[in-house]
Amino acid sequence: LEAAGRSGALAGRSVVVSAGGTREPIDPVRFVGNRSSGAMGVALASAARAAGATVTLVGANLHVPAPAGVELVEVETTAQLREAMLERASADVVVMAAAVADYRVRGAADEKRSKESWGDAPTIELELNPDILAELAGLPRDGLLVGFGAETEADDAALVERGRAKLARKGADLLVLNRVGHDEGFGPVETRVRVLDADGVVADASGAKASVARAIIDCVAQRLAGTTS
Ligand code: CTP
Ligand code: CA
């Protein structure tokens with residue numbers, strides 16, 4: 001199974017990967033966002049392509065280029081990402097690797113705010129965004145749904161426990177758990193992930209994002225093996 005991600009294990013399968021971080025407008029020139037570069041999702045799209053899948057990358061404000069041979073759908077906001085994912089929910093594999101803004105700005109302005117209109121101590125009010133992964137999990141589907149969980153939890157057992165709770169709450173089939181900090185998990189550094197299903201940890205991989213992505217895709221391919229394409 002070592003070579004599964006490199007030898008057509010996903011031939012004939014459709015894979016949709018969301019990547020990057022959504023941005024929520026404050027006004028036409030300002031946004032609330034996050035530090036996600038999209039590198040992990042892009043690496044997954046690349047690994048899925050190398051395994052023979054037809055891949056769509058739904059990219060939210062990517063800091064890295066999309067891989068060759070992959071269809072790129074660009075989005076900016078969570079609402080746009082949600083729309084793009086719901087349209088493609090019937091794919092054989094759907095991966096939510098994007099860092100979705102949990103909140104959007106309430107009453108975003110259509111015109112640029114000026115200091116005159118905003119005053120000396122403005123406040124930005126936020127409201128909850130829809131949970132795209134949970135929504136995808138609630139749809140009737142035959143495909144495999146993979147979520148991500150970024151946690152800052154330092155204790156290992158507690159980290160996995162948090163991941164299991166998140167997987168159960170979301171209703172996805174697999175959850176890729178990674179620990180993040182100020183320089184862990186974001187950007188081109190070493191990554192360690194655990195892949196969880198409802199029964200526990202099914203894979204553990206660390207290294208460069210490309211090799212971690214291959215391990216995740218191997219895991220996905222194993223799950224799909226035995227189901228018809
Ligand atoms: N996610 C999503 N829609 C949201 C928030 C998150 O689809 N509005 C997805 C992410 O793409 C990821 C998974 O849910 O695959 C977990 O994201 P995470 O931020 O770890 O979980 P949250 O449920 O947002 O919990 P937290 O309050 O810890 O941020
Ligand atoms: Ca979140």
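What counts as what
- Residues numbered from 1 in each chain as written.
- Chains lettered and ligands numbered in written order.
- Predicted model: local features only at pLDDT ≥ 70, side-chain atom pairs only at ≥ 80, totals over all residues.
- Heavy atoms only, no water.
- UniProt positions renumbered as here; feature names shortened; annotations may be inferred.
- Helix = DSSP H or I, 4+ residues; strand = E, 2+ residues; numbered from the N terminus.
- Buried < 20%, exposed > 50% of the residue type's maximum accessible area, 1.4 Å probe, protein only.
- Contact = heavy atoms within 4.5 Å.
- Core = buried A, V, L, I, M, F, W, Y, C linked by side-chain atoms within 4.5 Å.
- Patch = residues over 30% accessible without salt bridge, like charges linked within 9 Å, V, L, I, M, F, W, Y side chains within 5 Å.
- Areas by Shrake-Rupley, 256 points an atom, 1.4 Å probe, with all protein chains shown as cover.
- Salt bridge = Lys/Arg side-chain N within 4 Å of Asp/Glu carboxyl O.

Q: I would appreciate a short explanation of the UniProt feature "binding site: CTP" (unreviewed entry) in the protein chain in the present structure.
A: The positions UniProt marks with the feature "binding site: CTP" (unreviewed entry) are Asp102, Lys112, Pro130, Asp131, Ile132, Leu133, Phe148, Lys166 and Lys170. A maximum C-alpha distance of 38.0 Å shows the annotated residues, which cover 69 residues in sequence, to be distributed over more than one spot. Tracing the backbone shows Phe148 in strand E9 (residues 144-151). For Phe148, a relative accessible area of 17% gives the class buried. Residues within four places of Phe148 in sequence aside, it is in contact with Met40, Leu44, Val95, Met96, Ala97, Leu175, Val176 and Ile216. As for its position among the elements, Lys166 is in helix H5 (residues 156-170). For Lys166, a relative accessible area of 17% gives the class buried. In contact with Lys166, other than residues within four places in its own chain, are Gly149, Ala150, Glu151 and Leu175.

Q: Teacher, can you tell me more about the nonpolar core here?
A: Side chains of nonpolar character tend, in soluble globular proteins, to be buried together. Core analysis: the largest hydrophobic core is formed by 35 residues, its most contacted members being Leu10, Leu44 and Ile216. Looking at this core, the elements with two or more residues in it are strand E1 (14-20), helix H1 (39-50), strand E4 (54-60), strand E6 (93-96), E9, strand E10 (174-179), strand E11 (191-197) and helix H6 (209-224). Sorting elements by how many residues they give to this core places H6 first, with 8 residues. Leave out the neighbours within four places in its chain, and Leu10 touches Val15, Ala48, Ala51, Gly52, Ala53, Ile217, Ala221 and Leu224.

Q: For this particular structure, what's the right way to read a nonpolar patch on the surface?
A: Residues Tyr103, Ile124, Leu126 and Leu128 make up a contiguous nonpolar surface patch of about 390 Å² in total accessible area. Along the chain, Ile124 turns up in the loop between helix H3 (115-118) and strand E8 (126-128). Look at Ile124 and you get partly exposed, because its relative accessible area is 41%.

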